[in-house]
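A closer look at the structure
One letter stands for each residue in the lines below.
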Amino acid sequence: MCELLGISSAKPMEVSGFLKEFYSHSVMHPHGWGMMYEYAGERTLLHEPVRAIDSTFLDAVIDSLEPQRVLLGHIRLATVGAVREENCHPFTGKDMTGREWTIIHNGTIYSGKTHYQYYKQQRGDTDSERLFLGLLDAVNESIRLGKNTEHERFQTVEAYIEQNAPRNKLNLMIWDGELFYVHKNLKNTLSYQRTESGCVFSTQPLNDGMWIPFPVAQVIAFRDGRECFRGERHKGIYVPTLDYITATDAMHI
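Only a predicted model underlies this, so the values are computations on that prediction, with no experimental measurement involved.

1. Section: the nonpolar core
If you look at the biggest cluster of nonpolar residues, it comprises 23 residues, and the most contacted ones within it are Trp101, Ile174 and Tyr181. Listing elements by their share of this core, those giving two or more residues are strand E6 (100–106), helix H3 (127–144), helix H4 (150–164) and strand E7 (171–175). Among the elements that take part in this core, H3 stands out by supplying six residues, more than any other. Setting aside residues no more than four positions away along its own chain, Ile174 makes contact with Trp101, Thr102, Ile103, Leu135, Val157, Ile161, Leu179, Phe180 and Tyr181. Counting residues in hydrophobic clusters, the runner-up holds 22 residues, among them Leu5, Leu19, Leu71 and Trp211.

2. Describing unusual backbone geometry
Here His89 and Pro90 are connected by a cis peptide whose omega angle stands at 5 degrees. In this structure, Pro90 sits in the loop between strand E4 (68–75) and strand E5 (91–94). The residue Arg167 is not glycine, and still its phi comes out positive at about 70 degrees. Its place among the elements puts Arg167 in the loop between H4 and E7. The class for Arg167 is exposed, based on a relative accessible area of 59%.

3. Observations regarding the sheet that holds strand E9 (residues 191–194)
Taking strand neighbours across the sheet as the criterion, the seven strands line up as E3-E2-E4-E1-E10-E9-E11 in an open arrangement whose pairing is antiparallel. Only two strands of the sheet have a single neighbouring strand rather than two, namely strand E3 (42–48) and strand E11 (212–213). Helix H1 (residues 16–24) contacts strand E1 (3–13), strand E2 (33–39), E4, E9 and strand E10 (198–202) of the sheet and is inclined by roughly 10 degrees relative to E4.

4. Quick look at the environment of Leu136
Here Leu136 is to be found in helix H3. In this structure, the C-alpha to C-alpha distance between Leu136 and Val157, residues 21 residues apart in sequence, is 9.5 Å. Ignoring anything within four residues of it in the chain, the contact list for Leu136 reads Gly93, Lys94, Asp95 and Trp101.

5. Side note on H3
With 18 residues, H3 extends 26 Å between its outermost C-alpha atoms, agreeing within 8% with the 26 Å of an ideal straight helix rising 1.5 Å per residue. Counting buried positions along H3 gives 14 out of 18 residues, so the element sits mostly inside the fold. Phi turns positive, to about 85 degrees, at Gly146, one or two residues after H3.

How each quantity is defined
Residues numbered from 1 in each chain as written. Predicted model: local features only at pLDDT ≥ 70, side-chain atom pairs only at ≥ 80, totals over all residues. Heavy atoms only, no water. Core = buried A, V, L, I, M, F, W, Y, C linked by side-chain atoms within 4.5 Å. Buried < 20%, exposed > 50% of the residue type's maximum accessible area, 1.4 Å probe, protein only. Helix = DSSP H or I, 4+ residues; strand = E, 2+ residues; numbered from the N terminus. Contact = heavy atoms within 4.5 Å. Pairing = 2+ DSSP bridges. Axes fitted to C-alpha atoms, helices over the stretch in contact; angles between N-to-C directions. Expected span 1.5 Å × (residues − 1).

Remember, this is a structural readout, not a statement about activity or role.
The structure is reproduced here in structure tokens:
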């Protein structure tokens, strides 16, 4: 019920056009916006619990933003959690080696009893943040077992997503500083556009160019805009309920 934007590129690319179109969709996603980008070689995160189009500084950020190699953007339509800054995506955290992970999620966790343990640990009160904290624990467990190569990290992320996909809507993007992971399990959502040096991923097409549907129920990781790991297709495809379909239709009235 949110929208996602992700960019992975071998070379810095101009992103302002994609960002302006993406955040204009916040008319229908009024419960907050967020962005992760790089500035002076450091990961920078911005959040605000208002419609992106009502932000007092987002336009200035977009106009001054340098070309980017990696970027994550999110606009929120709340299903779980209050409208507050702590609940705005992206969420970020470090594993036990100091590697920083950042995630954006579009969906709802209906079957997430194993994540309740993170209520006291999380900063906000969303199911998405609890999902992310569970991922960090899974990564740390793999590290303790001596599994921390790129491919082993991919396998850990793939296994965690496959475990949590059944009965949950799990469209998401994750950046670990080297690999850019993308997954969707709801059909007719999330597509991508190839650029000269990489890919742009978005819940909705952002221009009149060619947008290719992203594979369903399959985790794919990219490095510098090129696919480097592709997981097996799993069975956790999300089938919308009547309530979900009705709510989605109401957004477009």
